[in-house]
Amino acid sequence: MSFWAFDVVHEWHRYYLSEAKKYWNQLITIVARDEIIKKVKWRLPSKKENIRLEDVKKTGISDIVILGHKKDMMYFVKKYKPDIIALGYDQTSFVHELSEFLYEKKIKTEVVTIDWYESKKYKSSKIKAENNKKH
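Values in this document were obtained by computation on a predicted structure and should not be read as measured data.

J.: Which parts of the structure should I look at to understand the overall build of the chain?
T.: Looking only at helices and strands, the chain features six helices and five strands. For the chain, the sequential pattern of α-helices and β-strands runs β-α-β-α-α-β-α-β-α-β-α. Taking all 135 residues of the chain together, the buried fraction comes to 45%. Here the analysis covers contacts within the chain between residues at least 6 apart in sequence; of these, 71% occur between residues at least 24 apart. Per element, the accessible surface of the chain, about 8,400 Å² overall, is 52% carbon and sulfur.

J.: It is not clear to me how unusual backbone geometry should be interpreted in this structure. Could you clarify?
T.: Negative phi is the rule for most residues except glycine; trans is the rule for most peptide bonds. Here the phi dihedral of Phe-6 falls at roughly 55°; this positive angle occurs in a residue that is not glycine. By secondary structure assignment, the location of Phe-6 is in the loop between strand 1 (2-4) and helix 1 (11-21). Although it is not a glycine, Trp-42 sits at a positive phi angle of roughly 65°. When you line up the elements, Trp-42 lands in the loop between helix 2 (34-41) and helix 3 (49-59).

J.: I keep staring at the packing of aromatic side chains and nothing clicks. Help me out?
T.: Given two aromatic rings, their pairing is described by the distance between the two centres and the angle made by the two planes. As enumerated under the stated definition, the model contains seven aromatic pairs in all. Ring centres of Trp-4 and Trp-12 lie 4.9 Å apart, and the angle between their planes is 45°; on these two criteria the pair is classed as tilted. Each member of the pair, Trp-4 as well as Trp-12, is classed as buried. Their ring planes at 10° and their centres at 5.1 Å tell us that Trp-12 and Tyr-16 sit as a pair that is stacked. With Trp-12 and Tyr-16 both in helix 1 and four residues apart, this pair spans about one turn of that helix. Pair check on accessibility: Trp-12 and Tyr-16 agree, each one buried.

J.: I tried to follow the pairing of strand 4 (residues 84-88) on my own but got confused; where do I start?
T.: With five of five residues buried, strand 4 is to be regarded as a mostly interior element. With five bridges connecting them, strand 4 and strand 5 (residues 110-114) associate as parallel partners. Among the inter-strand pairings, Ile-84 is bridged to a residue of strand 5, identified as Glu-110. Regarding topology, helix 5 (residues 92-105) serves as the crossover connection from strand 4 to the parallel strand 5, and that connection is right-handed.

J.: Sorry if this is basic, but what is going on with the environment of Ile-85 here?
T.: For Ile-85, the position within the fold is in strand 4. Considering only alpha carbons, one finds Ile-85 and Tyr-23, 62 residues apart in sequence, at a separation of 9.2 Å. When near neighbours in sequence (up to four residues on either side) are disregarded, Ile-85 contacts Met-1, Phe-3, Val-77, Leu-98, Thr-109, Glu-110, Val-111 and Val-112.

J.: So what exactly am I meant to see when it comes to the nonpolar core here?
T.: A general feature of soluble globular proteins is that nonpolar side chains tend to end up buried together. Ranked by size, the top nonpolar core spans 21 residues in total, and within it Trp-4, Phe-6, Tyr-16, Leu-17, Val-31 and Val-56 carry the most contacts. When contributions to this core are tallied by element, the ones reaching two or more residues are helix 1, helix 3, strand 3 (64-67), strand 4 and strand 5. Broken down by element, this core gets its largest block of residues, four residues, from helix 1. With 14 residues, the next largest nonpolar core counts Met-1, Ile-28, Ile-85 and Leu-102 among its residues.

J.: What's the story with helix 1 in this structure? I'm lost.
T.: Residues that lie three or four places apart on an α-helix share one face, since the helix turns once every 3.6 residues. For helix 1, the complete set of buried residues consists of Trp-12, His-13, Tyr-16, Leu-17, Glu-19 and Ala-20. One side of helix 1 carries all its buried residues, which in axial view fall inside an arc of 165°.

J.: Where do I start with the pattern of salt bridges in this structure?
T.: As a working rule, side chains carrying opposite charge can pair if their charged atoms are close by. Inspection of the entire model under this criterion finds nine salt bridges. A salt bridge links Lys-78 to Asp-72, with the shortest nitrogen-to-oxygen separation between them at 2.6 Å.

Each value, and the rule that gives it
- Residues numbered from 1 in each chain as written.
- Predicted model: local features only at pLDDT ≥ 70, side-chain atom pairs only at ≥ 80, totals over all residues.
- Heavy atoms only, no water.
- Helix = DSSP H or I, 4+ residues; strand = E, 2+ residues; numbered from the N terminus.
- Buried < 20%, exposed > 50% of the residue type's maximum accessible area, 1.4 Å probe, protein only.
- Contact = heavy atoms within 4.5 Å.
- Areas by Shrake-Rupley, 256 points an atom, 1.4 Å probe, with all protein chains shown as cover.
- Phe/Tyr/Trp six-rings, centres within 6.5 Å; stacked < 30°, edge-to-face > 60°.
- Pairing = 2+ DSSP bridges.
- Right-handed = clockwise from strand over helix to strand, strands pointing away.
- Core = buried A, V, L, I, M, F, W, Y, C linked by side-chain atoms within 4.5 Å.
- Arc of directions from axis to C-beta.
- Salt bridge = Lys/Arg side-chain N within 4 Å of Asp/Glu carboxyl O.

Have a look at this one:
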């Protein structure tokens, strides 16, 4: 299972999803809801959640791509009880909350971190800034 905002799908996201899929034969990807992103990042994403969902589906990497729950960030962890959850290198705020949840609920899920891939080049904020300069 993987979680992300996928505000602007780019090469790092493709790398992240491809690396996550190597851990198991099926990858479920949860695309964060607009409200959850606003809560975590204090701002809305530049693209609406349905567009971001379709962008992730278009990569063709994940077997299942679904929008996250509107209120419960752990809903799909409880529902699917994945063997492995792959987080990105900068999802540090979520690691603690997720680890605590797994421990409390006695869910035996391994959490792995996917290392960065040219993070200075492939970062959503940098790509959005470059796109804004062009327009």
